[in-house]
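# Summary of structural features
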Amino acid sequence: MSNRRPARTASERIELKARKVSFDWEETPLHWVPGDPFTSHTINVLHLLLPAGERWFVHVYRQVLPYIRDDRLREDVIGFIGQEAMHSQAHDDVLPHLRKLGLDPTPYTAQVDWLFEKLLGDRTLPPGRARRWWLMERVALIAAIEHYTAFLGDWVLNAEELDRRGADPVMLDLLRWHGAEEVEHRAVAFELFMHVDGGYRRRVRTWATAFSALVFLWQRGARFFMENDPTLPNGKASVRDFVHRGRHGVLPSTPDMLRSVPRYLSRGYHPSQEGSTAQAVAYLASSPAANGGH
Ligand SMILES: [Fe+2]
Ligand SMILES: [Fe+2]
């Protein structure tokens, strides 16, 4: 077991707590970025992936708690679990609204549930090496995914173009409250991985799996929404649309996403080098959902 844990300064140390939030979806249109179904749906994919994905984080982390030999890290992981459970619930709560607007996500979410619960679930492994190997593999996968949730959180906190285009304020607040907590807890998954395992080959291998799976699931999700949107007779999603929106600042830019890859794979990587805790905390202090609800 490795105890390497990159140092953080005291000022960066933040007590993680789950904020209770509430959203009223009544007024949110299907194309919540006005006139731009592709951008709306590409971001809507989060509501398909995160409920099952973040429930899975919580499930895996509960199993890893006994392996943690550092009280501060254990506290961070418990705070992280609370935040992710709330995120999962908040995104899940958007789905009935999408159904009401004529877009039933069940065919897609059923597959995502299978992926996280069965393929990435506990499997029937005997106690011992194999079970531990599979737990560490999943801890490393979560660290890689959290590199991207922090990237996206930082992106959405700064995506002013969405405001300029009149994006729905409730949806923006959901994304920014979640994004801000992702930035706030961005170091936890990586520090946990470094504490219980930290193997470089495992980091690279699980990054490759996580990155490919995210790209695959995301493009399928965007395509699913575009093809099943009742207001779009010939709805399609393409990589070109994605790259184009990235250039205009309504989706993350492809070059920025590519540049984030070598950062995660660099041996000197630490998530504190990404995003701004001060910005995240400032947003959380003013978020309508985190301060009494919409
Ligand atoms: Fe989250
Ligand atoms: Fe997270």
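Whatever comes next refers back to the structure up there.
All of the points below concern the structure found in this document. (Residues numbered from 1 in each chain as written. Chains lettered and ligands numbered in written order. Predicted model: local features only at pLDDT ≥ 70, side-chain atom pairs only at ≥ 80, totals over all residues.)

### So, the overall build of the protein
Threshold: Starting at the N terminus, helices and strands are each numbered in turn, a helix being any DSSP run of H or I of at least four residues and a strand any DSSP run of E of at least two. Labels follow a simple rule on C-beta atoms placed from the backbone: if 20 or more others lie within 10 Å of a residue's own, it is buried; if 12 or fewer, it is exposed; otherwise it is partly exposed. Contact criterion: two residues are in contact if their C-beta atoms, reconstructed from the backbone, are within 7 Å.
Secondary structure assignment for the protein yields 12 helices and 0 strands. The linear arrangement of helices and strands in the protein, starting from the amino end, is α-α-α-α-α-α-α-α-α-α-α-α. Taken along the three principal axes of its C-alpha coordinates, the protein extends 55 × 40 × 35 Å. By residue count, 38% of the 294 residues in the protein fall in the buried class. Sequence-distant contacts, at least 24 apart, represent 85% of the contacts inside the protein between residues at least 6 apart.

### Points about unusual backbone geometry
Even without being glycine, R123 reaches a positive phi, approximately 55 degrees. Tracing the chain through its elements places R123 in the loop between α4 (106-119) and α5 (129-157). For R123, a count of 10 C-beta atoms within 10 Å puts it in the exposed group.

### Side note on the environment of G268
As for its position among the elements, G268 is in the loop between α11 (254-265) and α12 (277-286). G268 sits 239 residues away from P29 along the chain, and the two C-alpha atoms are 44 Å apart.

### Remarks on the environment of L141
With respect to the helices and strands, the residue L141 is situated in helix α5. Judged by C-beta crowding, with 23 C-beta atoms within 10 Å, L141 ranks as buried. Sequence-wise, L141 and D36 are 105 residues apart; in three dimensions their C-alpha atoms are separated by 33 Å. Leave out the neighbours within four places in its chain, and L141 touches T206, T209 and A210.

### A word on the packing of helix α1 (residues 37-64) against α5
Test applied: Throughout, an axis means a line fitted to C-alpha atoms (over the contacting stretch in the case of helices), and angles, computed between N-to-C directions, take values from 0 to 180 degrees. Angle categories: roughly parallel below 35 degrees, roughly antiparallel above 145, roughly perpendicular from 65 to 115, and oblique for all the rest. Crossing handedness follows the turn of the near helix against the far one: under a right angle anticlockwise gives a left-handed crossing, and clockwise gives a right-handed one. Three categories are distinguished: nonpolar for Ala, Val, Leu, Ile, Met, Phe, Trp, Tyr, Cys and Pro, charged for Asp, Glu, Lys and Arg, and polar for the others, with Gly belonging to the last.
Here α1 crosses α5 at 130 degrees, and the two axes come no closer than 10 Å. If you check the angle between α1 and α5, you find them oblique. Crossing handedness for the pair α1 and α5: left-handed. Here α1 contributes F57, V60, Q63 and V64 to the contact with α5, which in turn contributes L135, R138, V139 and I142. Residues belonging to the contact of α1 with α5 are distributed by class as follows: 6 nonpolar, 1 polar and 1 charged.

### As for the nonpolar core
Defined as follows: Each nonpolar core comprises buried Ala, Val, Leu, Ile, Met, Phe, Trp, Tyr and Cys residues, the members being joined through C-beta atoms within 7 Å.
One finds V139, I142, A143, A144, L192 and F193 to be the most contacted residues of the largest nonpolar core, which totals 65 residues. At the level of secondary structure, the elements contributing two or more residues to this core comprise α1, α2 (71-92), α5, α7 (169-184), α8 (188-196), α9 (200-228) and α12. Counting residues per element, this core draws most heavily on α1, which supplies 13 residues. When residues no more than four places from it in sequence are discounted, the contact partners of I142 are F57, V60 and A189.

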